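Per-entry structural report
Here is what each chain is made of, one letter per residue.
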Amino acid sequence: MTLSPQMKLKMEKIDSLIDKGYGLKTQLGTLIPNLISPQGKSINTFSRRYGDDPLVGFSWIAFFFPFALATQIRHWSYFWFVGIIAFLLDIFVAIPFNIDVNTGLGIGIGMFYGYTFPYQRWLFLKSNKKEIGVFKSIIIGLLLTIVAAIPSMILYGLYSQ
């Protein structure tokens, strides 16, 4: 399993937090990582610091390629999330507001995964599962994204006529 130097630093930061008594679990199945302080408080992983402790921060590669990275670490709930969010937004757009939300959806999902991926990657590393190769992850991730978007595409086809 290869990690970039930047991701290694992020994994070391999470290890350091765990050594200080923090905990890391998931919410909503495995979708959202939940960092818990030594005092038992849930911490906003979208921030840069918690008290004196630096948090992991943002992953640009996860922002640009969330589908491939989610596949690589077998984070299947990501695709459920994408499908449900796209479907709900299409229901909202079906109400005649003439708003294009696709760009915002892509950026929003990228931002979400950019912040949560390092924690997901750390949990995956601790699971001792085998990751899927990069090329396979890209192909499978694109296909799963299309499958996740099918209900949304059907709804869009129905109301756009």
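Conventions used here
- Numbers given for residues are sequential positions, taken from 1 along each chain in its written order.
- Only residues with pLDDT of at least 70 are given local features in this predicted model, and only at 80 or more are side-chain atom pairs given and counted; all residues enter the totals for whole chains, interfaces and linings.
- Hydrogens are left out, water is left out, and the side-chain values use all remaining heavy atoms of the structure.
- Like charges within 9 Å and nonpolar side chains (Val, Leu, Ile, Met, Phe, Trp, Tyr) within 5 Å are joined into patches, using only residues over 30% in relative accessible area that form no salt bridge.
- Methods summary: accessible areas were calculated by the Shrake-Rupley approach with a probe of 1.4 Å, and residue burial reflects only the protein chains presented.
- Within this document, salt bridges are pairs made up of a side-chain nitrogen of Lys or Arg and a carboxyl oxygen of Asp or Glu, the two lying within 4 Å of each other.
- Positive charges come from Lys and Arg alone, negative charges from Asp and Glu alone, with His and the N- and C-terminal ends not counted.
- To locate a charge, take NZ of a lysine, CZ of an arginine, CG of an aspartate or CD of a glutamate.
- Every helix listed is a DSSP run of H or I at least four residues long, and every strand listed is a run of E at least two residues long, numbered separately from the N terminus.
- Note on exposure labels: buried denotes an accessible area under 20% of the residue type's maximum, exposed denotes more than 50%, and partly exposed covers the range between, all computed with a 1.4 Å probe on protein chains only.
- Two strands are said to pair when DSSP picks up at least two bridges between them.
- We call a set of buried residues a nonpolar core when its members are Ala, Val, Leu, Ile, Met, Phe, Trp, Tyr or Cys and they connect through side-chain atoms within 4.5 Å of each other.
- By definition, residues are in contact when any of their heavy atoms lie within 4.5 Å.

A surface patch of positive charge is lined by Arg74, Lys129, Lys130 and Lys136. Assignment of secondary structure puts Lys130 in the loop between α5 (102-127) and α6 (134-159).

With that settled, the discussion passes to the pairing of strand β2 (residues 32-36). With four of five residues buried, β2 is to be regarded as a mostly interior element. Relative to β2, strand β1 (residues 23-27) runs antiparallel, the two being bridged by five bridges. Each residue of the ladder has a partner; that of Gln27, found in β2, is Ile32. Both β2 and strand β3 (residues 42-43) contribute to a ladder of two bridges, which runs antiparallel. Each residue of the ladder has a partner; that of Ile36, found in β3, is Ser42. Following β2, the chain reverses through five residues before pairing antiparallel with β3; Gly40 in that reversal takes a positive phi of roughly 90 degrees.

What follows is about the nonpolar core. One recurring pattern in soluble globular proteins: nonpolar side chains tend to sit buried together. Counting 30 residues, the largest nonpolar core has Ile14, Leu35, Tyr78, Tyr113, Phe117 and Tyr119 as its most contacted members. Only α1 (5-19), α3 (66-72), α4 (77-94) and α5 provide two or more residues apiece to this core. Once residues lying within four places of it in the same chain are set aside, the contact partners of Ile14 are Leu24, Val56, Pro118, Tyr119 and Trp122.

It is worth spelling out the pattern of salt bridges at this point. For the structure on display, the rule yields two salt bridges. Two residues, Asp15 and Lys126, come together in a salt bridge whose shortest N-O distance is 3.8 Å. Here Lys126 lies in helix α5 and Asp15 lies in helix α1, a separation of 111 residues in the sequence.

A surface patch of nonpolar side chains, about 1200 Å² in accessible area, is lined by Val134, Phe135, Ile138, Ile139, Leu142, Leu143, Ile146, Val147, Ile150, Met153, Ile154 and Leu158. Note that Ile150 resides in helix α6.

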